[in-house]
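Report on the structure
Okay, here's what each chain looks like letter by letter:
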Amino acid sequence: MQNANPNRKLVIVLLIASAVVLGSCFVCAILGAVLSPVFAQAREKARATACMSNLRQMGSAFAMYAQDHRGQLPPASRWMDAITPYLPRPERTLRCPSVPAQSFGYAYNSQLSGMNYQNARVQKPDVPLVYDSVNLARNATDPVTSLPNPPRHLGNANHALLVDGTVQSVAP
């Protein structure tokens, strides 16, 4: 009878330890379920910020391109190729972080192709130059008809580089 008592204590200790481990797993699962949407929203907010930063860098690249090409904006058919030398990391800057890996996600306003940059800044300062687009191809271009709907960033925003060099959220 004396030998049964230590085994019984061991079983009780093992049951308590198992309950603690299972309880800890349960708490971790609940915390994961609660925090997962928060982390997903934070990741998308970071992607939206990176997108706006990409567009600002493209704005500087367009200005430098125009300085080197008698004030003209690049042709629509190869606008990404034209501004690539003016970007420090073009492989990252020319890709919206919220689109699939091998896609680009930006389009150039074809109505501004070859236009004098300074004239466009005066005459059309609030017109999109480059913007989020459903056309994911390299050198995508159209007359601002391919804005994503629903909006790409945080479910309520598309971003655009305007001719005056500012970056703003625009409605689809």
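Each remark here, short or long, concerns the structure printed above.
Residues numbered from 1 in each chain as written. Predicted model: local features only at pLDDT ≥ 70, side-chain atom pairs only at ≥ 80, totals over all residues. Heavy atoms only, no water.

**What about the overall build of the protein?**
Which entries qualify depends on this criterion: A run of DSSP states H or I qualifies as a helix once it reaches four residues; a run of E qualifies as a strand once it reaches two. Both are numbered from the N-terminal end. For every residue, the accessible area obtained with a 1.4 Å probe (protein chains only) is divided by the maximum for its type, and the residue is called buried under 20%, exposed over 50%, and partly exposed between those limits. Residue contacts are defined here by distance: any two heavy atoms, one from each residue, within 4.5 Å place the two residues in contact. Method for areas: the Shrake-Rupley scheme with a 1.4 Å probe, in which residue coverage is limited to the protein chains shown.
When helices and strands are tallied, the protein shows four helices and five strands. Counting helices and strands in the order they occur from the N terminus, the protein gives α-α-α-β-α-β-β-β-β. Projected onto the principal axes, the alpha-carbon positions of the protein cover approximately 100 × 30 × 25 Å. By the burial criterion, 35% of the 172 residues in the protein qualify as buried. Relative to all contacts within the protein whose residues are 6 or more apart in sequence, the contacts with residues 24 or more apart total 62%. Surface exposure of the protein reaches about 10,000 Å², of which carbon and sulfur atoms provide 60%.

**Some points on the pattern of salt bridges**
The following threshold applies: For this analysis, a salt bridge means a side-chain nitrogen from Lys or Arg found within 4 Å of a carboxyl oxygen belonging to Asp or Glu.
Counted by the stated rule, this structure contains three salt bridges. The closest approach of N and O atoms between Arg47 and Glu44, which form a salt bridge, is 3.1 Å. On the criterion of helical spacing, the pair formed by Arg47 and Glu44 is a turn pair, its members being three residues apart in helix H1 (residues 4–68). Judged by its relative accessible area of 31%, Arg47 falls in the partly exposed class.

**A closer look at the sheet that holds strand E2 (residues 128–132)**
The condition is simple: Only when DSSP finds a minimum of two bridges between them are two strands counted as paired.
As summarised here, the arrangement of the five strands in space is E3-E1-E2-E4-E5, forming an open sheet in which the pairing is mixed. Whereas interior strands pair on both sides, the edge strands pair on one side only; in this sheet they are strand E3 (141–142) and strand E5 (167–170). The pairing of strand E1 (residues 106–109) with E2 spans three bridges and is classified as antiparallel. Counterpart to Tyr108 in the pairing with E2 is Val130.

**A short note on the pairing of E5**
Moving residue by residue along a regular strand, the side chains alternate between the two faces of the sheet. Two strands pair when backbone bridges link them, and strand E4 (residues 158–162) and E5 are joined in this way by four bridges, in the antiparallel orientation. The residue of E5 that forms the bridge with Ala160 is Gln168. Counting the residues between successive antiparallel strands, the hairpin from E4 to E5 contains four residues, one of them, Gly165, with a positive phi of roughly 95°.

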